[in-house]
Amino acid sequence: MLESNNAFSLDYYSSIIKKALSNGYKFCTVTEYFRLGCPKEKHFILRHDIDARPRTVQQMIDIENQEGVKATYYVRLCGSPYNPFDYEIFSSLKSAEKLGHEIGLHTNPLEFAKILKLDPIKVIKSEIEMLNQHFNITSMSTHRDMDYAYNSLPWLIESWNQVKEGTNLEVHAYDEDIFKNSTYVNEGTNPHITWRNLKPEDVIDSGVTVYMLTHNHWWHKNHPFEAR
Ligand SMILES: [Zn+2]
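A few points on the structure. Note that the structure is a prediction, hence the values are computed from the model and not measured.

## A closer look at the environment of Gly24
- Along the chain, Gly24 turns up in the loop between α1 (10–22) and β1 (26–28).
- A sequence separation of 17 residues divides Gly24 from Glu41, and the C-alpha atoms of the two residues are 10 Å apart.

## Quick word on helix α3 (residues 57–67)
- Looking only at α3, the buried set comprises Val57, Met60 and Glu64. For α3, the angular spread of the buried residues around the axis is 70 degrees, confining them to a single face.
- The secondary structure elements touched by the buried residues of α3 are α1, β2 (43–49), β3 (72–76) and α4 (87–98).
- Once α3 ends, the next one or two residues include Gly68, with phi positive near 70 degrees.

## Looking at the pairing of β2
- Counting buried positions along β2 yields seven of seven residues, so the element is predominantly enclosed.
- Between the parallel pair β1 and β2, the chain is carried across by helix α2 (residues 30–35), and the sense of this crossover is right-handed.
- Of the strand pairs in this sheet, β2 and strand β9 (residues 210–214) are connected by five bridges, and their pairing is parallel. Residue pairing across strands places Ile45 opposite Tyr211, the latter belonging to β9.
- Taking the sense of rotation as the criterion, the β-α-β connection linking β2, α3 and β3 turns out right-handed.

## Some thoughts on unusual backbone geometry
- Cis geometry is found at the peptide bond from Asn190 to Pro191, where omega equals -10 degrees.
- Within the secondary structure layout, Pro191 lies in the loop between β7 (183–189) and β8 (193–195).

Cut-offs used in this document
- Residues numbered from 1 in each chain as written.
- Predicted model: local features only at pLDDT ≥ 70, side-chain atom pairs only at ≥ 80, totals over all residues.
- Helix = DSSP H or I, 4+ residues; strand = E, 2+ residues; numbered from the N terminus.
- Buried ≥ 20, exposed ≤ 12 C-beta atoms within 10 Å, placed from the backbone.
- Arc of directions from axis to C-beta.
- Contact = placed C-beta atoms within 7 Å.
- Right-handed = clockwise from strand over helix to strand, strands pointing away.
- Pairing = 2+ DSSP bridges.

Next comes the structure, spelled out in structure tokens:
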């Protein structure tokens, strides 16, 4: 009989939150953490970059609601393989925001602009404007496909004041103060899915602030083919 290789299960996800709560951690969104002045201890930032399979996001929102914690969801617009304004996805995001979760932009404006010969400032401003019609966008994260050439992060850091101007943006997900004061845990491939560096449950034991990035398309209830 084959053994399950579903290391990144939703039960595991839920157990991480439960462990943090029982260790006295306070959960906050990316913007809330920044507004609190980036405390070094006992805070937990749950960040989700939605790259693919956006319908699976609701499973994570349900777990967070059950545990009474808030997370940050970053959605893609330009170049996105999905439409965040799809009935089901929009409704997930909108109801999450109403319950206190944060919705933000996940974007690679430099790549989109280079490929289509556009102005990256115009690209990102149009994305923020569109999302702002329905959500309160105060933070964002940059996206990068593993096989694509253009990294928007250095560009964003350089252009941050211009990007922020005239918007409600307060912080981006790679802000120096956030990284200085927290321990970052994220999943990736090496060559298969694994934690890139530290495991969140080990960091929780130390009591330092945890900044956990997940990608919903890698987390499953039973197996990777249950939802697309
Ligand atoms: Zn991404």
